[in-house]
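Chain by chain, the residues run as shown.
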Amino acid sequence: MIHQERPALSLGYLPLHSMTTASTTTTGAKRGFLDTVEAKAEGYNEQKQQARAACGKELTVEENTAAASERKKGCCPPPPSHAPPATPARNNGNRPPARGRGAAVPVVGWPPIRSFRRNLATSTSSKQPPEQQNGEADAKVKLNCNKSPLVKINMDGIPIGRKVDLAGCDSYERLSLAVKELFHGFLEAQREPSSAESAQQGADRKIFSQLLDGSGEYTLVYEDNEGDRMLVGDVPWNVFVSTAKRLRVLRSSELSRALIGSASEREEKC
Amino acid sequence: MGRGVGSRSGGGAAQPPWHSLPDEVWEHAFSFLPAAADRGAAAGACRGWLRAERRSRRRLAVANCYATSPRDAVERFPSVRAAEVKGKPHFADFGLVPPAWGAEAAPWVAAAADGWPLLEELSFKRMVVTDECLEMIAASFRNFQVLRLVSCEGFSTAGLAAITEGCRNLRELDLQENYIEDCSSHWLSSFPESFTSLETLNFSCLDGEVNFAVLERLVTRCHNLKTLKLNNAIPLDKVASLLRKAPHIVELGTGKFSADYHPDLFAKLEAAFAGCKSLRRLSGAWDAVPDYLSAFYGVCEGLTSLNLSYATVRGPELIKFISRCKNLQQLWVMDLIEDHGLAVVASTCSKLQELRVFPSDPFGAGQVLLTERGLVDVSASCPMLESVLYFCRRMTNEALITIAKNRPNFTCFRLCILEPRTPDYITQQSLDAGFSAIVESCKGLRRLSVSGLLTDLVFKSIGEHADRLEMLSIAFAGNSDLGLHYILSGCKSLKKLEIRDCPFGNKPLLANAAKLETMRSLWMSSCSLTLGACRQLAQKMPRLTVEIMNDPGRACPLDALPDESPVEKLYVYRTIAGPRSDTPDYVQIV
């Protein structure tokens, strides 16, 4: 059982020698257990001595070269080339090859560092929530708002919110269309099932095309990075994208009430 | 000592004079026992002490949220003012526990709301905390002062707003490495203008922006603020402004410490830090421009704790900085410090007690020159060093033996060699000898993580010698059942054992079943266990919960599976509450 060379077996199982222990007892499961497997007392001492001897002797030329080349490579035989955290989860039943030469596959949860630390070498502040450590991460990773603005959007009267990708729209008109896509299904679901479809579509088109000019039934507002509620459309599109944190489709009748509300908030909290 | 009531004899024999002291006296006496273990021991002496102790217990730590039911805990200790509850197993930190496993904080908050109205402190670790939990906390405890959430998830800034708005006497809001959803809620603005009691504010794990003006006003009016840990959204110049408003700060976490170099900004920072005479602990995510490090020189001498483990700074500036920190007791750093940097640490930081070195590029090819040499140097020259977490790529038995000889005072030794099963790189031997030396020399060792190429023999040493060991982490090690048997039949003080990817099977588990009830928990994943043994274990030990985790994609009922089916993940823990009822589909309790 003395390791003279790196074991090639992935499980690390080694052939058992049939040495018997010195004493046999019948008391308790503990001793019984030990009796069934050999004790490697002699082997262990020998190994310890070998280890000490190896440390004591001077480096031979071979070892010097090995050490030098390891230093060049940065130690152990080349670990897997950079495996980004987004690799799909490995089947836990596969164990990695013992020494990982060249084609080693990344192992789930190894090395044991928290996901907060995993991405530091490559990127800045992106973190992976625990649900996603098994690999479908990237699509769902919540990135810094400035990088990929997937903002929440709610509509008055609809209890479920949506998320819209501001970077995917390139103008306010596109945004308006995107909002329509997101919510017209809900609006339909809320209407009487007996109403004519075409009438509904016409009404919806009307609602969503006047989001930005304040003349329709609904108005689009947003919350900026300072927490203030703003009317969509005043600033250049790219400024809007970088400052908008949240969107809301307000009933225009609610608008004045909402504006008064936020003004008094500001008074209290400033 | 206290004898039971029933054994009181008639007037003749002398009773100890304290026998008839009222409970209040005992409660007062017990208040001098700060350690929960001591209080627990006292409670075991007799019924009278049990009663007095439990009624007066003020601090309760529940290390496994499933070891007892929340209601039972609250009923048993009715006077608790500070509670700490921990949930998921430790390996959940590394993604080994699928989502929705459990560990919900809600039942604990509900029970506390009912039974501990005077609760002041609540701390959750590795648990699922929802916004509703936070709202309930804010609404239920009128003197709530301290909220600490570590590695938790499930809540958003809306929940935080409930806390900041509702907890009038809040002193500490400490959020460490949680996953917090950003709802752009004005949680920071929700502190009332009249609120001034804050002493600790840590929102370093928050992703979103905060209103800086609000933060500045908060910092200005909270004169007792000692700990302030900012997130990445606060730029450097704002940090300088904050420091001018709070020069009495003791612990500072900067946000992202990177900016183009401007002499004005540099001067501002330098002046701000020069004013912080009380600053002792420093941390931050420094993608640092090394040029700014020298702005901190004024505080180096006073620092006792430095956490640069999120800092990708390398090179001479880093080392120059650390070489001025003569009073460091705690240093967390990236392996970018390299061996020669650690040599400087060794010669400078003679008071160092804890060192953690993290890998900067764990999945990469390893260009960093951090080896066993660095650890040897530090262990040789820092006489008070007792806790180490060290990630590196190579190790030798000689180095470990030297380290063990230098530092018999280790209480925590965690070595992680990045590539599994790496042998001694000079002799190609296993690292059995090295780790054996550690456990033989460090008699006070309480926590150990092993790595590299290891056979069953190292576990024999650990089992025999590590008498005080409470937590052991093993990965990719051992050859056979013997390895596990050595551990479970030895290690007198073992509380937590976590194992992954080792060839350990059923026999040692069953042979040492009774041991498991003396431990808090056992985790085994990717070992050689089968369902039959787990069934047997569960049957034999009714006060253990034996949880099996399947692949979440295929939740098949265990009853149908034969005994020979392999078990991928096993989590066993003792409990007085019986099997839990909140398991997801992929977890089955046998």
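Values in this document were obtained by computation on a predicted structure and should not be read as measured data.

Attention now goes to the pattern of salt bridges. All names here are of chain B. One pass over the full model with this rule turns up 32 salt bridges over all chains. Residues Lys229 and Glu251 are paired through a salt bridge, measuring 3.2 Å at the closest nitrogen-oxygen approach. Of the two residues, Lys229 is situated in strand β9 (residues 227-229) and Glu251 in strand β10 (residues 251-256); the sequence distance between them amounts to 22 residues. With respect to class, Lys229 is no different from Glu251; both count as buried.

Residue and element names in this part refer to chain B. One can find Thr68 in the loop between β1 (59-62) and α4 (70-76). On the basis of relative accessible area, Thr68 is assigned to the buried category, the value being 14%. When residues no more than four places from it in sequence are discounted, the contact partners of Thr68 are Val62, Ala73, Trp108, Thr575, Ile576 and Ala577.

Attention now moves to the nonpolar core. A general trend in soluble globular proteins is that nonpolar side chains are found buried together. Counting residues in hydrophobic clusters, the biggest one holds 202 residues, and the most contacted among them are B:Phe124, B:Phe413, B:Ile462 and B:Leu497. Among all residues touching B:Phe413, those that are not within four sequence positions of it are B:Leu375, B:Val388, B:Leu400, B:Ile403, B:Phe435, B:Ile438, B:Leu445, B:Arg447, B:Leu448 and B:Ser449. Core analysis: the second largest hydrophobic core is formed by 25 residues, A:Ile158, A:Val164, A:Phe183 and A:Ala244 among them.

All names here are of chain A. Ordered by their spatial adjacency, five strands build an open sheet running β2-β1-β5-β3-β4, and the pairing between neighbours is mixed. Looking at the sheet topology across the chains shown, the edges are occupied by β2 (158-165) and β4 (229-231). Taking each pair of neighbouring strands and ignoring which way they run, the sheet shows an average axis angle of 30 degrees. Bridge count for strand β3 (residues 218-224) against strand β5 (residues 244-251) is seven bridges, and the pairing is antiparallel. Note on β5: the bridge partner recorded for Val221 is Arg248. Its contacts with the sheet place helix α6 (residues 172-190) against β1 (150-155), β2, β3 and β5, and it is angled at close to 155 degrees to β2.

A few words now on the environment of B:Ala42. Secondary-structure assignment places B:Ala42 in helix α2 (residues 36-43). Among all residues touching B:Ala42, those that are not within four sequence positions of it are B:Phe30, B:Leu33 and B:Trp49.

Let us now look at the environment of B:Met549. Residue and element names in this part refer to chain B. Note that Met549 resides in strand β21 (residues 544-549). For the pair Met549 and Glu419, spaced 130 residues apart in sequence, the C-alpha separation works out to 26 Å. The residues contacting Met549, other than those within four sequence positions of it, are Pro98, Trp101, Trp523, Glu568, Lys569, Tyr571, Tyr586 and Val587.

Here we come to the pairing of strand β16 (residues 412-417) of chain B. All names here are of chain B. Counting buried positions over the six residues of β16 gives six, a clear majority of the element. Side chains Cys412, Arg414 and Cys416 project from β16 onto one buried face, and the interleaved Phe413, Leu415 and Ile417 project onto a second face that is buried too. Looking at chain direction, strand β15 (residues 387-392) and β16 are connected through six bridges and run parallel. Bridged to Ser387 within β16 is Cys412. For the crossover from β15 across helix α15 (residues 397-406) to β16, the handedness is right-handed.

Basis of the calculations
Residues numbered from 1 in each chain as written. Chains lettered and ligands numbered in written order. Predicted model: local features only at pLDDT ≥ 70, side-chain atom pairs only at ≥ 80, totals over all residues. Heavy atoms only, no water. Salt bridge = Lys/Arg side-chain N within 4 Å of Asp/Glu carboxyl O. Helix = DSSP H or I, 4+ residues; strand = E, 2+ residues; numbered from the N terminus. Buried < 20%, exposed > 50% of the residue type's maximum accessible area, 1.4 Å probe, protein only. Contact = heavy atoms within 4.5 Å. Core = buried A, V, L, I, M, F, W, Y, C linked by side-chain atoms within 4.5 Å. Pairing = 2+ DSSP bridges. Axes fitted to C-alpha atoms, helices over the stretch in contact; angles between N-to-C directions. Right-handed = clockwise from strand over helix to strand, strands pointing away.

Scope: geometric values only; no functional claims are made or implied.
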